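# Chains, contacts and geometry: an overview
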Amino acid sequence: MPPIPGRRGRRRLGAALLAAAAALYGAPAAAADEPAAPAPAAPAWTAAPATARPGSARPYFYLAGPAGTVLEDRLTLDNPGDREYTVTLRGADADNAPDGALAVRPAASGAAGAGSWISFGGSATVKLPPRTRAVVPFTVTVPPAAPPGDHPAAVVAAGPGREAGVRIHLRVGGPAVAALTVEDVSVRGHGAATTVDYTLVNRGNVTLTPELALSAEGTLHEPAGRPARALPVELLPGRRARLSEPWPDAPALDRVALTLTATAPGAAPATAEARAWLAPGGTAGLAAGALLTLAGTALAVLLLVRARRTRRLRRAGDGLPARQDAAAEDEHAHELTELTELTGAPR
């Protein structure tokens, strides 16, 4: 029987195979710079929350009260141009788009949530003469059975060729529950273009502004993660968003275990894990992955053969027949080999 390589020999074999795999890696081509988009033209008219004095501004409406109350506020419509416009006002439900961006539901679908609580009375249609400003009052009637927490809504103004929405942060009194989960983590791309996709779900009754951190463990390297950073998302109660996190420091070739940790004010940290092979793309990536798999398989076989030889020597030293359990050992070795192939993860 040929000699079994020792620890130094196994290391050399693994290093040689990994070096060959790494040599196949090629740097991705640099993306061409795209020209900057032109600045959008100024709108012909604007809609914004009314203010008590000129020069001050409110980015949105904020209203709060217990269930069963009627809340009031005012909207300003400003027409600085030389043309008259007719603007129609409505209440709408606010929502998260699939990528987390804030949006309002179209008029055709109607308002089923807090948008249906908004009323402009007889002022739902407003004529704006040139160089004028109109202040339009509205009410929000909170139903007596409205549950506590945030109820996202918006005031939408529609005119010729344009719609403008103004958010309403509406909170109904009662217990506030902040809860967040991370789900469906996956990895795509390679090298500096590696991206981690995941889903954030708001399982509480208040709007969340989450942060995300990424940590990783590799089989061959110690990959750099990403510290916690604020996400450009306001996740509304009960909504989910499919997001992507760039990972430019991902290893070019490795088997990695990723952990995503999401936090938000008032919510317990939420984590999710995923495992992935990282390899260059194209034919070179397939060859590199094959060599990496070969390295793991060769090491596993060497360890298995060495273990079998050790057991047989022990039996021989104890006076036990080595042939007695040879068939059972071969069957056990077959099971171990199959198990290693099924897991696909070098230990």
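Residues numbered from 1 in each chain as written. Predicted model: local features only at pLDDT ≥ 70, side-chain atom pairs only at ≥ 80, totals over all residues. Heavy atoms only, no water.

### Comments concerning the overall build of the protein
- Summing up its helical and strand segments, the protein has three helices and 18 strands in all.
- Classification of the 347 residues of the protein by burial places 35% in the buried group.
- Expressed as a percentage of contacts within the protein between residues at least 6 apart in sequence, the contacts between residues at least 24 apart total 69%.
- Total accessible area on the protein is roughly 19,800 Å²; 57% of this is exposed by carbon and sulfur atoms. (Helix = DSSP H or I, 4+ residues; strand = E, 2+ residues; numbered from the N terminus. Buried < 20%, exposed > 50% of the residue type's maximum accessible area, 1.4 Å probe, protein only. Contact = heavy atoms within 4.5 Å. Areas by Shrake-Rupley, 256 points an atom, 1.4 Å probe, with all protein chains shown as cover.)

### Topic: the sheet that holds strand β12 (residues 180-188)
- The sheet built from three strands is open, its strands ordered β12-β13-β16 with antiparallel pairing. One side of each edge strand has no neighbouring strand; the edge strands of this open sheet are β12 and β16 (240-246). Put simply, the sheet's adjacent strands are angled 25° from each other on average, direction ignored.
- Note that strand β13 (residues 195-202) and β16 share seven bridges and pair antiparallel. (Pairing = 2+ DSSP bridges. Axes fitted to C-alpha atoms, helices over the stretch in contact; angles between N-to-C directions.)

### Digging into the pattern of salt bridges
- Overall, the coordinates contain 13 salt bridges when judged by the stated rule.
- Taking the shortest distance from any N to any O, the salt bridge between Asp73 and Arg58 comes out at 2.9 Å. Here Arg58 lies in the loop between β1 (46-49) and β2 (61-65) and Asp73 lies in strand β3 (residues 70-79), a separation of 15 residues in the sequence.
- Owing to a relative accessible area of 14%, Asp73 belongs among the buried residues under this scheme.
- You can call Arg58 partly exposed: its relative accessible area is 29%.
- Here Arg240 and Glu183 are joined by a salt bridge, their closest N and O atoms 3.6 Å apart. With Arg240 in strand β16 and Glu183 in strand β12, this residue pair connects regions lying 57 residues apart in the sequence.
- When salt bridges with common partners are traced through the structure, they connect Asp93, Asp95, Arg105 and Arg239 into a single cluster. (Salt bridge = Lys/Arg side-chain N within 4 Å of Asp/Glu carboxyl O.)

### A look at the nonpolar core
- In this structure, Leu77, Leu89 and Ile168 are the most contacted members of the largest nonpolar core, which totals 30 residues.
- Counting only elements with at least two residues in this core, the list comes to β2, β3, β4 (85-96), β7 (125-128), β8 (132-141), β10 (153-159) and β11 (162-172).
- Those residues in contact with Ile168 that sit more than four places away from it in its chain are Phe61, Leu63, Ile118, Phe138, His151, Pro152, Ala153, Ala154 and Val155.
- Ala216, Leu235, Leu258 and Leu260 belong to the second-largest nonpolar core, a separate cluster that totals 29 residues. (Core = buried A, V, L, I, M, F, W, Y, C linked by side-chain atoms within 4.5 Å.)

### Structural notes on the packing of aromatic side chains
- Applying the stated rule across the entire model yields two aromatic pairs.
- Ring centres 5.1 Å apart and planes at 80° place the aromatic pair Phe61 and Phe138 in the edge-to-face group. Taken together, the residues Phe61 in strand β2 and Phe138 in strand β8 connect sequence positions 77 residues apart.
- Judged by relative accessible area, Phe61 falls into the buried class, the value being 0%. (Phe/Tyr/Trp six-rings, centres within 6.5 Å; stacked < 30°, edge-to-face > 60°.)

### Digging into the confidence of the model for the protein
- Here the protein averages 79 in pLDDT, while 69% of its residues score no lower than 70.
- In this model residues 1-32 is a low-confidence stretch, pLDDT under 50, and it forms 33 contacts with partners more than four residues away in sequence or in other chains.
- Every residue in residues 319-347 scores below 50 in pLDDT, and together they form 16 contacts with partners more than four places removed in sequence or on other chains. (pLDDT = per-residue confidence, 0-100.)

### Some words on unusual backbone geometry
- The backbone of Arg131 shows a phi angle near 55°, a positive value even though the residue is not glycine.
- Along the polypeptide, Arg131 turns up in the loop between β7 and β8.
- Positive phi is not limited to glycine here, since Asp184 has a value of about 55°.
- In this fold, Asp184 is placed in strand β12.

### As for the layout of surface pockets
- Space inside the second largest pocket adds up to approximately 300 Å³.
- Surrounding the second largest pocket, 17 residues form its lining, Pro49, Thr51, Ser56, Thr76 and Arg133 being those nearest its centre.
- Looking at side-chain class alone, the lining of the second largest pocket contains seven nonpolar, five polar and five charged residues. (1 Å grid on protein atoms, 1.4 Å probe; cavity = no way out; pocket = protein on both sides within 12 Å on 5 of 7 lines; lining within 4 Å. Points joined across faces, edges and corners; volume = space filled by probe spheres on them. Nonpolar A, V, L, I, M, F, W, Y, C, P; charged D, E, K, R; others polar.)

### Section: the environment of Leu258
- Checked against the element boundaries, Leu258 lands in strand β17 (residues 254-264).
- Judged by relative accessible area, which is 1%, Leu258 ranks as buried.
- Along the sequence, Leu258 and Ser186 sit 72 residues apart, while their C-alpha atoms lie 9.3 Å from each other.
- In this view, Leu258 contacts Val187, Val196, Leu214, Ser215, Ala216, Trp247, Ala272, Glu273 and Ala274; residues no more than four positions away in its chain are not counted.

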